[in-house]
Amino acid sequence: MDNLSDNQINQKIGILLRREIEARLITQFEKYLSSELGGKKSKHIIREVIKGVAIEQGRELSKLNGNSLNAFIERQEPWTRDGSLETDIIKKDNKSYHYNVTRCKYAEMYKEMGIQDLGFDLSCNRDFTLVEGFNKNIKLKRTKTLMQGDDFCDFRYDVND
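Here the structure is a predicted model, which means the values were calculated and not measured.

The rules behind the values
- Residues numbered from 1 in each chain as written.
- Predicted model: local features only at pLDDT ≥ 70, side-chain atom pairs only at ≥ 80, totals over all residues.
- Heavy atoms only, no water.
- Helix = DSSP H or I, 4+ residues; strand = E, 2+ residues; numbered from the N terminus.
- Rg over C-alpha atoms; globule rule 2.2 N^0.38 Å.
- Contact = heavy atoms within 4.5 Å.
- Areas by Shrake-Rupley, 256 points an atom, 1.4 Å probe, with all protein chains shown as cover.
- Polar contact = N/O pair within 3.5 Å; in protein donor to acceptor, adjacent residues only side chain to side chain.
- Buried < 20%, exposed > 50% of the residue type's maximum accessible area, 1.4 Å probe, protein only.
- Pairing = 2+ DSSP bridges.
- Axes fitted to C-alpha atoms, helices over the stretch in contact; angles between N-to-C directions.

Draft legend 1. Quick look at the overall build of the protein chain. Regarding its fold elements, the protein chain presents eight helices and four strands. For the protein chain, the sequential pattern of α-helices and β-strands runs α-α-α-α-α-β-β-α-α-α-β-β. At 16 Å, the protein chain has a C-alpha radius of gyration in line with the 15 Å of a compact globule built from 161 residues. Projected onto the principal axes, the alpha-carbon positions of the protein chain cover approximately 50 × 45 × 30 Å. For the protein chain, contacts bridging at least 24 residues in sequence account for 58% of all contacts bridging at least 6. For the protein chain, the accessible surface area stands at approximately 9,200 Å², while carbon and sulfur atoms represent 50% of it.

Draft legend 2. Molecular detail of the environment of Glu 56. Among the secondary structure elements, Glu 56 is positioned in helix α3 (residues 39-65). For Glu 56 and Thr 129, which are 73 residues apart along the polypeptide, the C-alpha to C-alpha distance reads 8.9 Å. Engagement of the side chain of Glu 56 in a polar contact is seen with the side chain of Arg 59, the distance being 2.5 Å.

Draft legend 3. Representation of the environment of Gly 149 within the structure. One can find Gly 149 in the loop between β3 (138-141) and β4 (153-159). Judged by relative accessible area, Gly 149 falls into the exposed class, the value being 59%. For Gly 149 and Ala 107, which are 42 residues apart along the polypeptide, the C-alpha to C-alpha distance reads 9.6 Å.

Draft legend 4. Expanded view of the sheet that holds β3. Strand order across the open sheet formed by four strands is β1-β2-β4-β3, with antiparallel pairing between neighbours. Two strands close off the open sheet at either side, each with one partner strand: β1 (85-92) and β3. In this sheet, adjacent strand axes meet at a mean angle of 20° when their direction is disregarded. Of the strand pairs in this sheet, β1 and strand β2 (residues 96-104) are connected by seven bridges, and their pairing is antiparallel. Bridge assignment links Lys 91 to a residue of β2, and that residue is His 98. Against the sheet, helix α6 (residues 105-113) touches β1 and β2, its axis set at about 40° to β2. Taken strand by strand, helix α8 (residues 126-134) contacts β3 and β4, and its axis lies near 170° from that of β3.

Encoded structure:
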């Protein structure tokens, strides 16, 4: 059996389902790790591992059809599949991609599972390192998230030459 790349998995099942599967496993891992190392240390380890995974996923994503902002935008479907994210696009050109997420099934899922803090690390926090791995010249600025109780998530991707 061939090993599927992260992007092939994302195309096959979508990211919402993937995050749910990951969350179920990582929740159990985090409980065990916390009992062995303490909560603060275990959360730090999990956060750093997820960041590393996200950087690698960004690098892999950039190999599919380049690492321009437009290529990044074109690869968003697995994240939005099945209405996972409802967005309002504010600005979209070759240098900027700004949008607000007004509904997020990821945040809803983590809340239902009772793991909003871990959910922030599993999904929201990795957005920054994913784009870093994809292209170091694309910067994400975000000051609000639905996961943390805000009315929307404000994604602001800008290309810095």
